[in-house]
Amino acid sequence: MNTPRPARPQAPPGVALQPGTAVTDWCALCKAWTRQTVALLLLTVDGVAPAGSWSWCEIHDDPDSPLPPRRIDRA
Ligand SMILES: [Zn+2]
């Protein structure tokens, strides 16, 4: 017996995530204006809806120069 496989659920068409303009913000860890905050907008066929925001620090969140791994000294 051969039963057809159910269709894989798909993301609704015509939906896109659009980042807004980056805004410089204060980083409490670095104590400097090194944080970037970007508002995310969800573009759908019905219009534009806010989809939260995303922020990161260009100093301590930099993946190109991560902090050195912590050394564990064993006796
Ligand atoms: Zn920082």
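Treat the numbers as computed from the prediction; the structure is a model and nothing was measured.

## Brief notes about the pairing of strand β2 (residues 32–44)
Bridge count between strand β1 (residues 16–27) and β2: nine bridges; the pairing is antiparallel. Each bridged residue has a counterpart across the sheet, and for A22 the counterpart in β2 is V38. Hairpin connection between β1 and β2: a loop of four residues separates the two successive antiparallel strands, and K31 in this loop has a positive phi of roughly 55°. Across nine bridges, the pairing between β2 and strand β3 (residues 47–57) is antiparallel. In the strand pairing of β3, L41 is matched with P50.

## Remarks on the pairing of β3
When you tally the buried positions in β3, you get zero out of eleven residues, a small fraction of the element. Hairpin remark: β2 followed by β3, antiparallel, with two residues in the connecting loop.

## Some words on the sheet that holds β1
The three strands lie next to each other as β1-β2-β3, forming an open sheet whose pairing is antiparallel. Bordering the open sheet on either side are β1 and β3, each of which pairs with just one other strand. Going from strand to strand, the sheet's axes swing by 20° on average, the running direction of each strand aside.

Cut-offs used in this document
Within each chain, residues carry numbers counting from 1 in the order of the written sequence. Local features in a predicted model are, by the rule used here, given only for residues with pLDDT of at least 70; side-chain atom pairs are given and counted only at 80 or more, and totals for whole chains, interfaces and linings are based on all residues. Should DSSP find at least two bridges between two strands, the strands are taken to pair. Where helices and strands are cited, they refer to DSSP runs of H or I of at least four residues and of E of at least two residues respectively, numbered from the N terminus. Once C-beta atoms are placed from the backbone, each residue is buried if 20 or more other C-beta atoms lie within 10 Å of its own, exposed if 12 or fewer, and partly exposed for counts between those two. Here, axes are lines fitted to C-alpha atoms. For helices the fit covers the stretch in contact, and angles between N-to-C directions go from 0 to 180 degrees.

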